[in-house]
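Understanding the architecture of this molecule
So you can see what is in the structure, the chains are spelled out below.
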Amino acid sequence: MSPSSSPGAFTVFQPGNPDEAAALLADRTRTGQPLAVVDRIPEPGELRRDVLSVRQWRNQRFFHPADMVVGVDSGLPMAELHRLLAEQGMRLPVGCWFAGDSVGAVAAANRFGPERLMRGGLRDSLIGMEYLTPTGECVRVGGKVVKNVTGYDLGRMMLGNRGGLCLMTGLNFKVMPAPVQPHGLFLSAPDSSWRAGVAAAHAARLPLDWLQAVWRDGGWLVGIGISGNAARRERLVTELRSMFGQPLTLFADGREEAPFDVFAPEHRLCGFLSPHIPLSRLGLHVHGLFPTRTFLESVDLDGLATPGDILVVHPIGGDFHLLAPSDSAAERQVSQLRDRFSEERGSLVFEKVPTALRERWGRVDPLPPERILMKRLKRQLDPAGILVSSFFD
Amino acid sequence: MALDPRVRKKLIRVLGSDYVKDDPITCYSYRCDGLTLHPAEPQAVLYPADRDQLVAAVRILSEQGISFLPRGAGTGLSGGAVPREGSVLIEMVRFRAIGPIDPVNRTIEVEPGVVNLHVSHAAQPHGLYFVPDPSSQKACSVGGNVGENSGGPHTLKYGVTVNHVVGLEVVLPDGEVVELGGPAWTTPGPDLLSLFIGSEGTLGIVTKIICRLTPLPERVHTMLAVFGSVREACESVSAIIRAGIVPAALEMIDRIVIQAIEQTIGAGFPTDAEAVLIVELEDLREGLDAEAEQIETILRANGAVDVRQAADEAERALIWRARKEAFGALGSISPSFYTQDGVIPRSALPRVLERILAIGAAHGLTIANVFHAGDGNLHPLILYNSRDPAEIEATHQAGREILETCLAEGGSLSGEHGIGLEKSHLMDGAFDEVSLNHMKQVRAVFNPRELLNPGKIFPQPGRCGELKGRPGDAAAQLRAKSGIRV
Ligand SMILES: Cc1cc2nc3c(=O)[nH]c(=O)nc-3n(C[C@H](O)[C@H](O)[C@H](O)COP(=O)(O)OP(=O)(O)OC[C@H]3O[C@@H](n4cnc5c(N)ncnc54)[C@H](O)[C@@H]3O)c2cc1C
C-alpha cells in the first residue's frame, strides 16, 4: 500500500482498497497514532498531521434503476455519481458542493442543497453503508433495498460524523427518477425583497423542485425549479410570476442533465462555487442551519456578505453558506452572523475560519444540545482518538 | 411478581396511586402487543403524565436496577412492547398534547401518546399532513411510529417516519433528558435523531416529537387495476417505476385477500381476479391526468384486464378502507394467520411471490399476500389451523423460509414492523458479528446497563431453540397473532 507521498514530516496514506485501510487503522490503534480522514489531499504546507484519503476508490458497486437503488465506493466523485444516474434518468437530490467532492465527503458533512424542500438531503436517501471502525473492523449496516428497519440505523447515524467516528468505504442510496422536463425560473434583485415571493409560494404549497438564492457581485439571483408537462409548468409559471411581482425569466433544461448545470455560466446556481472561489483560496466558509421561518421572516439577509463574497441561501428547509475569498474580514463577518442569528433556533458551523476564531468559538455555535451525546459516542467508538476531527474537540 | 413495596411506595409518591399498577389483571392485560408469540407479564405498569414524572419514575427504577420499557398503543407486530419477565412497563398513553403547529416551518410538536391519524387531523386546516400512515393509524401512537420507524402505503414516494421527524426529546435510561434535532431540520454532527428513530425503545423514551408536515396534494387520482395473474401485477409495478413515475402508493392484494375483503367490507373488488393493484397519484390538477393516462396504458400493456378509476372521495375511501383493514378481513376465512414482513428488490417480486407460494405448497399451507408492492415490502399471511401442532410447526418453518428468501434476494428481515422479539434470532443471518457488535457498542452509549427494553433486536441465547421446541405453546401464541382489527 501507500504512503503515496510524504510531504514534510507527515504522511499521506492512500490505501488501494478497504482491506489495506483496515490494516492501517488497526496498526494505528495498536501504536496510538492518530490520523485524519480527508477528501482532498492538503497542500504540503497545510499538512498538520498524517492523513488518509480514499479518493482512489471510485467503483460503482451496483446500480439497479428499476429498483431505484445504487451503491458506490465512498471515493467516487459526487459529480460522477450524478452522471451515472442521469444516464438512466435517475437522480439523487444532493449535488456536489465543490467540484470534485467525493460521495463520502458529502456524506461525512451531511450536506443538502436546493432540492431540500421537496426531496430532503442525503439522510433521506441513504439506505446502507459500509464503514471501517477506528480499529479497522468492517461494519455493514442497512442494505440494498428501499425500505428496511432491521437493526440500528448506524449508516444514517454516521452521516455528518466528519471523519470522527468511522471511515466510510461504501454508500448505498435510494434514487428517484429525474424530474420530467425540468425548467428553471430566475429573478435578479438588488435586495432580498424576493423573500415575499418565496413566502407566498411556500404558503400556497406550490410543488417546486428546487429553490436557491445567491448573493454575488452586489445583487441576488434567485432560481426556482419546476417540471412536468406543459400545462403543469404553465400554471406554476403564471402563479409564481404573480406572487413575485417581478420579472421571472424561464429557461428550459435538457432532460438527461442535472437541473442546475445546463444553464449558461452567468445563470448557473450550482456547481458555480469552485470556478468563482477556488477552494484553495477560500478564506471563510460558514454554514448556517436554521428553520424556514428564520429565512422567510425573521433575519435580514441583506448586508451579510461583502463584495467578493458569495452567500447561498436555501430558504425552505433551510440553510445558508457564506463563502469569502479572504479571511481578512472574517472576525467582523462572523460576529455579525452570530449577532443576527443569535435569537434563532439553529446552528452556525464554522467550516473554514482562521484558527484563532475557531479556537475562540469552536466549530459550531451554539453547540447543539445533543453535543454531549456525540462526544460520548466518540469516546465509546474511538477511545484511543485515532480518527481526528475538529468537530469532536 | 409484584413490585417491592418500598419501590411501589416511591413510585406512588411520584405518580399517584392510580398510576402505579401491579395487580394481576393489569399485568395480564399487558403481557403482549400485536405479537402474541412470546407473552410475558410485566412486574408493574406505570402511567406517567408528563416528562418530569417519567424522569422521576425512570430514576427510581434505574437506581433499583429494575428493567423497564415504553409502550405506545401496543399495535406493534414484532413484540417490541412485550416486557421481559419482570420488567416494568411504562405506558405512554397520557402523553397526549398536540401542537403547537408552525405552518411556515411545516412542523408540529406532539407528545408520543398522540394517535398517528390525529396529527394529520390537526395539520389539515393548514393544508398539511403527516405522511407516515401505517394501516393501524387510527390506533397506533406517534411514539410507537418513532420506535419502529413505521411506514405505510403512502411511503413509496415520500419515505417513512425517519423522513418526517426533525426533532425528539428523549429521556435516557438514567433519567437524563436530551434533545435531538430541532425545528431547523438538520443539526450538525452525527445524525443521532436517525439513530433513535427505529431503535425500538432500546435507547431512550421519547417524550416529544417534532414532526415535519407535508402539503396535502391538490388532487389525488386513485386507480384499481385488475389482473388475471400475480406475475402480471408484479411486472406492472416494475414497469411503472421503469417509466420514471413514482406513484404516491402502489399496493397489491391477491385473490385470497380479495375474497376476504369482499366477505367483510364489500369494496366491490372482482372476486375472480388473481390480483389487484391500487395505484394512487398525487399532484397539481394539470399534472395528473396525463400521468394517469400513461399509467393506465402501462397497466393494460402488462396484462391488466380492467382499470377502474375512483370517481369520488367516497370510492377512494372505500378502496383504502379495504386495503387498510385487509389483515382483519382475513379473519373471516381463516381464524389463524401469521403476518410476515420482509423486503426484496422490487424487480424480484414476480420470482419471489412464486417462491412464497411454493414454500406454502411444500408445507401444505395457504399463503395470502397484501403488501406495499412499490417498496418491495412483502406481508405474506400464512393461514394455518391452530389446533394442528404439525401445521403450526410448518407455519414457523414457512415464515423462516420466506425471510431467508428475502435475504437471499438481497433484501431485509423487516420493512416496517421491526425486529423486536420476533426476529431477533434471525439477526445473525442478516448481519455479521462485527456489525452486530458495533450496534451493541452504540447501544451501550445510551443504555449501558441494558435496563431499557432488554432482550430486543439482538439474538438472545436459547431463543431459537425455544421457538422450535414448544409447538404446543406456539399453537396458542400463533393463534393470537391473527387479524387484529383496528
Ligand atoms: C392491523 C395492523 C396494521 C399495521 N399496519 C402497519 C403498517 O402499515 N405499517 C407499519 O409500519 N406498521 C404497521 N403495523 C404495526 C404497528 O402498528 C406499528 O409498528 C406502530 O408504529 C406501533 O405503534 P404503537 O403505538 O402501537 O407502538 P407499540 O407497539 O406500543 O410500541 C412499538 C415499539 O416502540 C417502542 N415505543 C413506544 N413508545 C415509545 C416511546 N415513547 N419512546 C420510545 N420507544 C417507544 C416500544 O417499546 C416498542 O418497541 C400494523 C399493526 C397492526 C396491528
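As the structure is a computational prediction, the values presented were derived from the model and not from experiment.

Summing up its helical and strand segments, chain B has 18 helices and 20 strands in all. On C-alpha atoms alone, chain B measures out to a radius of gyration of 22 Å, which is about the 23 Å that the 2.2 N^0.38 rule sets for 486 residues. When the backbone C-alpha atoms are referred to their principal axes, chain B occupies close to 70 × 60 × 45 Å. Taken across its 486 residues, chain B has 63% of its residues classed as buried. Within chain B, counting contacts between residues at least 6 apart in sequence, those at least 24 apart form 73% of the total. Of the roughly 16200 Å² of accessible surface on chain B, 50% is carried by carbon and sulfur atoms. On chain B, the mean spot of the 45 positive side-chain charges and the mean spot of the 60 negative ones are 5 Å from each other.

As recorded in UniProt, the feature "domain: FAD-binding PCMH-type" (unreviewed entry) lies at residues 38–216 of chain B. Taken end to end, residues 38–216 of chain B comprises 21% helix and 25% strand; its first and last C-alpha atoms sit 40 Å apart.

Residue and element names in this part refer to chain A. Domain boundaries in chain A define domain 1 (4–53), domain 2 (60–177), domain 3 (183–268) and domain 4 (279–365). Here the C-alpha centre of domain 4 lies 26 Å away from the C-alpha centre of domain 2. The partner domain 4 presents 16 residues to the 9 residues of domain 2 that form the contact. Interface of domain 2 and domain 4: buried area, both sides summed, is about 940 Å²; carbon and sulfur atoms make up 68% of it. Counting across the interface, domain 2 meets domain 4 through 2 salt bridges. Its salt-bridge partner being Glu351, residue Arg162 comes within 3.0 Å of it at the nearest N-O pair.

Residues in a regular strand project their side chains so that they alternate between the two faces of the sheet. All names here are of chain A. Most of strand β5 (residues 69–73) is tucked away: 5 of the 5 residues are buried. In terms of strand pairing, strand β4 (residues 60–64) meets β5 through 4 bridges, oriented antiparallel. Bridged to His64 within β5 is Val69. Turn length for the β4-β5 hairpin, with the two strands adjacent in sequence and antiparallel, is 4 residues, and the turn residue Met68 shows positive phi of about 60°. When β5 meets strand β9 (residues 167–174), the two strands line up antiparallel, connected through 5 bridges. The partner of Asp73 across the bridge, within β9, is Gly170.

This next bit is on the interface of chain B and chain A. Taken residue by residue, the interface counts 90 residues in chain B and 71 residues in chain A. Our enumeration of links across chain B and chain A arrives at 9 salt bridges. Note that Arg235 of chain A and Glu286 of chain B form a salt bridge whose closest N and O atoms lie 2.8 Å from each other. At the boundary of chain B with chain A, the tally comes to 34 residue pairs in polar contact (both at pLDDT 80 or more). In terms of residues, the side of chain B that touches chain A owes the most to one element, helix α16 (residues 433–446) of chain B, which gives 10 residues. Tallied by class, the residues present in the side of chain B that touches chain A amount to 42 nonpolar, 30 polar and 18 charged.

Glancing now at the sheet that holds strand β1 (residues 20–21) of chain B. Residue and element names in this part refer to chain B. With mixed pairing, 4 strands are arranged side by side in an open sheet as β1-β2-β4-β3. In this open sheet, the two edge strands, each paired with only one partner strand, are β1 and β3 (68–71). Pairing analysis gives 2 bridges linking β1 to strand β2 (residues 44–46), with the strands arranged antiparallel. Paired with Val20 across the bridge in β2 is Leu46.

With that settled, the discussion passes to the sheet that holds strand β8 (residues 138–142) of chain A. Overall, antiparallel pairing links the 5 strands, which are arranged β4-β5-β9-β7-β8 (chain A) in an open sheet. The open sheet has two edge strands with one neighbour each: β4 and β8 of chain A. On average, adjacent strands in this sheet sit at an angle of 10° to one another, irrespective of strand direction. Docked against the sheet, helix α1 (residues 18–31) of chain A engages β7 (126–132) and β9 of chain A, running at close to 55° with respect to β7 of chain A. Of the strands in this sheet, β7 and β8 of chain A touch α16 of chain B, which is tilted by about 75° from β8 of chain A.

On to the site of the ligand, then. All names here are of chain B. Taken together, 35 residues are adjacent to the ligand, and Pro70, Thr75, Ser136, Ser141 and Ser150 come closest. Measuring from an oxygen atom of the ligand, one finds a backbone N or O atom of Gly74 at 2.9 Å. Separating an oxygen atom of the ligand from a side-chain N or O atom of Ser150 is a distance of 2.7 Å. In the complex, 98% of the free accessible area of the ligand, which totals 970 Å², lies under the protein chains.

The terminal C-alpha atoms of helix α10 (residues 330–341) of chain A lie 16 Å apart, and with 12 residues this matches the ideal 16 Å at 1.5 Å per residue to within 8%. Taken together, the buried residues of α10 of chain A touch β15 (284–289), α9 (292–298), β17 (319–324), β18 (347–352) and α11 (355–361) of chain A.

Quick look at the nonpolar core now. If you look at the biggest cluster of nonpolar residues, it comprises 129 residues, and the most contacted ones within it are Leu81 and Phe173 of chain A together with Leu168, Leu195, Leu299 and Phe446 of chain B. Excluding anything up to four places from it in sequence, Phe446 of chain B contacts Leu373 and Leu377 of chain A together with Leu172, Pro173, Leu192, Leu195, Phe196 and Leu203 of chain B. Leu185, Leu296, Phe320 and Leu322 of chain A belong to the second largest nonpolar core, which has 47 residues in total.

Our focus in this paragraph is the confidence of the model for chain B. Residue and element names in this part refer to chain B. This prediction gives chain B a mean pLDDT of 92; 95% of its residues lie at or above 70. Across residues 464–472, where pLDDT falls below 50, the model places 11 contacts with residues more than four positions away in sequence or in other chains. Note on residues 477–486: pLDDT is under 50 here. Beyond four places in sequence and across chains, it has 38 contacts. Interface confidence for the predicted complex, expressed as ipTM, amounts to 0.93; the pTM equals 0.94.

Parameters and conventions
Residues numbered from 1 in each chain as written. Chains lettered and ligands numbered in written order. Predicted model: local features only at pLDDT ≥ 70, side-chain atom pairs only at ≥ 80, totals over all residues. Heavy atoms only, no water. Helix = DSSP H or I, 4+ residues; strand = E, 2+ residues; numbered from the N terminus. Rg over C-alpha atoms; globule rule 2.2 N^0.38 Å. Buried < 20%, exposed > 50% of the residue type's maximum accessible area, 1.4 Å probe, protein only. Contact = heavy atoms within 4.5 Å. Areas by Shrake-Rupley, 256 points an atom, 1.4 Å probe, with all protein chains shown as cover. Lys, Arg positive; Asp, Glu negative; His and termini not counted. Charge placed at Lys NZ, Arg CZ, Asp CG, Glu CD. UniProt positions renumbered as here; feature names shortened; annotations may be inferred. Domains from an automatic or database assignment. Buried area = accessible area lost by both parts, 1.4 Å probe. Salt bridge = Lys/Arg side-chain N within 4 Å of Asp/Glu carboxyl O. Pairing = 2+ DSSP bridges. Polar contact = N/O pair within 3.5 Å; in protein donor to acceptor, adjacent residues only side chain to side chain. Nonpolar A, V, L, I, M, F, W, Y, C, P; charged D, E, K, R; others polar. Axes fitted to C-alpha atoms, helices over the stretch in contact; angles between N-to-C directions. Near = heavy atom within 4 Å. Expected span 1.5 Å × (residues − 1). Core = buried A, V, L, I, M, F, W, Y, C linked by side-chain atoms within 4.5 Å. pLDDT = per-residue confidence, 0-100.

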